[in-house]
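Here is how the chains run, residue by residue.
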Amino acid sequence: EAGYPPEVYRFYVTHAHYRSKIEFSTEALDAAKHSYKNLIARLVEIKKESENSAAPDKASLDAIKAGLLKHLNHDLNTSEAVAYLWKVVKDGTISAATKIASLKIFDKALGFTLEKALFEDLKDDIPQEIKELASKREAARKNRDFALSDKIRDEIAAKGYEGFTLSRRGVAVA
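What you see is a predicted model, and the numbers here were worked out from it, not measured in a lab. (Residues numbered from 1 in each chain as written. Predicted model: local features only at pLDDT ≥ 70, side-chain atom pairs only at ≥ 80, totals over all residues. Heavy atoms only, no water.)

Turning next to the packing of helix α1 (residues 6-14) against helix α2 (residues 26-50). α2 packs onto α1 with a crossing angle of 105° between their chain directions and a minimal axis gap of 9 Å. Overall, the two elements α1 and α2 adopt an arrangement that is roughly perpendicular. Where α1 abuts α2, its residues E7, V8, Y9, F11 and Y12 lie against A28, L29, A32, K33, S35, Y36 and L39. (Axes fitted to C-alpha atoms, helices over the stretch in contact; angles between N-to-C directions. Helix = DSSP H or I, 4+ residues; strand = E, 2+ residues; numbered from the N terminus. Parallel < 35°, antiparallel > 145°, perpendicular 65-115°, else oblique. Contact = heavy atoms within 4.5 Å.)

So, about the packing of aromatic side chains. Under the defined criterion, the tally for this structure stands at 5 aromatic pairs. Each ring, one from F11 and one from F112, has its centre 5.0 Å from the other, and the planes form 70°; the classification is edge-to-face. Placement of the pair is F11 in helix α1 and F112 in the loop between α5 (96-110) and α6 (114-122), with a sequence separation of 101 residues. When the centroid spacing of 6.1 Å and the interplanar angle of 45° are considered together, the rings of Y84 and F106 count as tilted. Of this pair, Y84 sits in helix α4 (residues 78-90) while F106 is found in helix α5, placing the two residues 22 residues apart along the sequence. Note on Y84: relative accessible area 14%, which makes it buried. Three or more aromatic residues joined by ring pairs form one cluster here, namely Y9, Y12 and F24. (Phe/Tyr/Trp six-rings, centres within 6.5 Å; stacked < 30°, edge-to-face > 60°. Buried < 20%, exposed > 50% of the residue type's maximum accessible area, 1.4 Å probe, protein only.)

This next bit is on the nonpolar core. It is characteristic of soluble globular proteins that their nonpolar side chains tend to be buried jointly. Ranked by size, the top nonpolar core spans 33 residues in total, and within it F11, Y36, L39, L43, F106, F112 and L114 carry the most contacts. Every element with two or more residues in this core is listed here: α1, α2, α3 (58-73), α4, α5 and α6. The element contributing the most residues to this core is α2, with 8 residues. The residues touching F112, leaving out its near neighbours within four places in the chain, are E7, R10, F11, T14, Y36, V82, L85 and D107. (Core = buried A, V, L, I, M, F, W, Y, C linked by side-chain atoms within 4.5 Å.)

This paragraph deals with the pattern of salt bridges. By the definition in use, this model includes 7 salt bridges. Of the charged contacts in the structure, one is a salt bridge between R141 and E138, with a shortest N-O distance of 3.7 Å. With R141 and E138 both in helix α7 (residues 128-142) and 3 residues apart, this pair spans about one turn of that helix. Residue R141 is classed as partly exposed on the basis of its relative accessible area of 35%. A relative accessible area of 22% means that E138 is categorised as partly exposed. Overlapping salt bridges bring together R42, E45 and E49 as one network. (Salt bridge = Lys/Arg side-chain N within 4 Å of Asp/Glu carboxyl O.)

Below, the structure is given as structure tokens:
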């Protein structure tokens, strides 16, 4: 009724340990919404930084995944997992590209749809070249030319826009 997206509610709920009681209030949901928007805004900045940085570091991604699993395996401590997400986002020693690549790890574990929200926020900033490649890829998929579609997908990913496709509303995350 109040218009809170599911990811904001999920963000709100994961701030408490699953054994803890949650005192529900619209003020708390508003705070979660504000925090989620701040996180997305910070990720937009990081995504823009990542366009000029090297590829994600696999060792760092493995360490991030291990750190997240440590918190989740410790009695499903989602509140610590969320704190760890913020720690990764703010860590100056982790490259921007690695931070952006780590979103898949956090999305898979916590379901915040950070990648989708990030790219929704950035869709106006997507270069025309990427939009054209996505359009060509969509045409190749419709023509069932999957080899060409895969080639174009790899080209889009090499330019730092992994997971982009065209939807009826424009470019989206696949």
